[in-house]
Amino acid sequence: MTDETLQARVEHVERAAKAGAEVALDGYEAGLTVETKGGADQVVHASDVVTVADRDAQRAVIESIRERFPDDAIVGEEGDAAKTVPDTEVAWVIDPIDGTYNFVRGLPSWSTAVALTVDGDAVAAATVAPAMGRTYLFRDGDATRDGAPIHVADRSDPETFAVAYTFVPELGARDEYADGVTSMLGRFGEVRRVGSLQVVLALVASGALDGAVTDARVNPWDSVGGVALVRAAGGVVTDLDGDPWTRDSTGLVASAGTAHDALLAVGRRMAGRR
């Protein structure tokens with residue numbers, strides 16, 4: 001691939017994400033049909049829902065990509081899109097609505113996320129949160145929000161930190177979650193549960209949140225773009241061992257770097273890795 005054709009793809013990432021976000025926003029502002037991902041009679045989690053808007057938004061993103069780059073691989077949450085990011089080619093990683101439960105409830109913290117990867121690494125990403133009126137973009141090594149540069153927070157006192165835990169287990173299995181929140185409250189000033197990992201990572205990148213942690217392995221459409229955004233904004237993203245986060249990592253810990261070890265301790269405790 002030439003530099004010119006790669007740059008054309010990089011420049012298209014934001015357009016593709018906004019194409020999906022526009023469709024999703026129409027569903028958010030109107031009536032929508034809600035299903036469970038396991039089928040109508042298989043509710044496995046309060047947030048395990050899918051809407052017609054999810055599928056319509058993904059279709060809009062894919063159509064936008066296919067018009068320009070018909071042969072590129074596509075990885076996505078919905079339908080028959082591939083579920084793993086290839087290591088040796090160009091791929092588009094799509095989450096049409098990250099935070100579907102928020103979307104269904106009328107809460108604004110959801111996004112349409114699109115990342116462009118080359119040989120498995122993100123080279124551009126967009127997180128468009130239309131109900132929040134925000135567009136976060138990683139491109140050409142820079143991180144921006146609505147066109148302005150962003151940077152992770154420079155706070156140094158953990159008592160002033162606001163941090164997010166991004167995974168909630170099923171009902172009846174939440175002792176670990178409660179223990180994790182208690183542990184976080186013992187170390188940091190505030191704990192938030194946002195409900196969309198891509199939005200959380202964008203908030204870490206922009207300094208609104210000081211860090212985020214999950215002890216679970218996360219899907220690429222929930223994470224690849226956001227991780228690149230945090231790193232471009234000067235942040236650190238690791239697994240629970242403190243090694244640089246990759247798509248195969250268990251757990252994800254993102255921060256400005258300050259008090260990263262304290263977040264790691266929380267993640268390990270939640271994972272039973274004391």
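Up top you'll find the structure we're talking about.
This write-up is about the structure you can find in this document. (Residues numbered from 1 in each chain as written. Predicted model: local features only at pLDDT ≥ 70, side-chain atom pairs only at ≥ 80, totals over all residues. Heavy atoms only, no water.)

1. Here we look at the overall build of the protein chain
Here comes step 1: A count of helical and extended segments in the protein chain gives 7 helices and 14 strands.
Here comes step 2: With 274 residues in all, the protein chain has 51% of them scored as buried.
Here comes step 3: Put simply, 63% of the contacts in the protein chain that link residues at least 6 apart link residues at least 24 apart.
Here comes step 4: Counting only carbon and sulfur atoms, one obtains 46% of the accessible surface of the protein chain, whose full area is about 12100 Å². (Helix = DSSP H or I, 4+ residues; strand = E, 2+ residues; numbered from the N terminus. Buried < 20%, exposed > 50% of the residue type's maximum accessible area, 1.4 Å probe, protein only. Contact = heavy atoms within 4.5 Å. Areas by Shrake-Rupley, 256 points an atom, 1.4 Å probe, with all protein chains shown as cover.)

2. Let's talk about the side chain of S109
Here comes step 1: With respect to the helices, strands and loops of the structure, S109 is situated in the loop between α3 (100-105) and β5 (111-118).
Here comes step 2: Take S109: its relative accessible area is 15%, and that puts it in the buried class.
Here comes step 3: From its side chain, S109 meets the backbone oxygen of V194 in a polar contact 3.3 Å long. (Polar contact = N/O pair within 3.5 Å; in protein donor to acceptor, adjacent residues only side chain to side chain.)

3. Digging into the pairing of β5
Here comes step 1: Where burial is concerned, most of β5 is hidden: 7 out of the 8 residues are buried.
Here comes step 2: In terms of strand pairing, strand β4 (residues 90-98) meets β5 through 7 bridges, oriented antiparallel. Looking at β5, one finds that W92 is bridged to L116.
Here comes step 3: Note: β5 against strand β6 (residues 121-129), 7 bridges, orientation antiparallel. Its bridge partner lying in β6, A113 is registered against T127. (Pairing = 2+ DSSP bridges.)

4. Topic: the packing of aromatic side chains
Here comes step 1: What the rule picks out here adds up to 5 aromatic pairs.
Here comes step 2: Arranged with centres 5.3 Å apart and planes meeting at 55 degrees, the rings of Y28 and W110 form a pair that is tilted. A residue pair is termed long-range when its members are at least 10 positions apart, and Y28 in helix α1 (residues 3-29) and W110 in the loop between α3 and β5 qualify at 82 residues.
Here comes step 3: Residue class for W110 comes out buried when judged on its relative accessible area of 0%.
Here comes step 4: Geometrically, the ring pair formed by F69 and W92 is stacked, given 5.8 Å between the ring centres and 25 degrees between the ring planes. Remark: W92 occurs in strand β4 and F69 occurs in the loop between α2 (52-68) and β3 (73-76); sequence separation between them is 23 residues. In this structure, F69 and W92 share a single accessibility class: buried.
Here comes step 5: An aromatic cluster of three or more residues is present, and its members are Y28, F103 and W110. (Phe/Tyr/Trp six-rings, centres within 6.5 Å; stacked < 30°, edge-to-face > 60°.)

5. A short note on the sheet that holds strand β9 (residues 148-149)
Here comes step 1: Judged by pairing direction, the sheet is mixed, and its 7 strands sit side by side in the order β3-β4-β5-β6-β7-β8-β9 without closing on themselves. For this open sheet the edge positions go to β3 and β9, each flanked by a neighbour on one side alone.
Here comes step 2: Across the sheet, α2 touches β3, β4 and β5, and the angle it forms with β4 is around 150 degrees.
Here comes step 3: Sitting on the sheet, helix α6 (residues 224-232) touches β5, β6, β7 (134-139) and β8 (142-145), and the angle it makes with β7 is about 75 degrees. (Axes fitted to C-alpha atoms, helices over the stretch in contact; angles between N-to-C directions.)

6. Looking at the sheet that holds strand β11 (residues 190-192)
Here comes step 1: Overall, mixed pairing links the 5 strands, which are arranged β11-β10-β12-β14-β13 in an open sheet. The sheet terminates laterally at β11 and β13 (236-238), the two strands that pair on one side only. Direction aside, the axes of adjacent strands within the sheet are offset by 20 degrees on average.
Here comes step 2: Relative to strand β14 (residues 252-255), β13 is paired through 3 bridges, and the arrangement is antiparallel. The residue of β14 that forms the bridge with V236 is S255.
Here comes step 3: Against the sheet, helix α5 (residues 197-205) touches β10 (162-165), β12 (211-214) and β14, its axis set at about 30 degrees to β14.
Here comes step 4: Strands in contact with α6 are β13 and β14; relative to β13, the strand with the most contacts, it is inclined by about 140 degrees.

7. Overview of the side chain of D215
Here comes step 1: Along the chain, D215 turns up in the loop between β12 and α6.
Here comes step 2: Here Y165 takes part through its side chain, which lies 2.7 Å from a polar atom of the side chain of D215.

8. Description of the pairing of β6
Here comes step 1: Linking two consecutive strands that pair antiparallel, namely β5 and β6, is a turn of 2 residues; a positive phi of about 55 degrees is found at D119 within it.
Here comes step 2: Across 6 bridges, β6 lies against β7 in antiparallel orientation. The partner of A124 across the bridge, within β7, is R139.
Here comes step 3: Turn length for the β6-β7 hairpin, with the two strands adjacent in sequence and antiparallel, is 4 residues, and the turn residue G133 shows positive phi of about 70 degrees.

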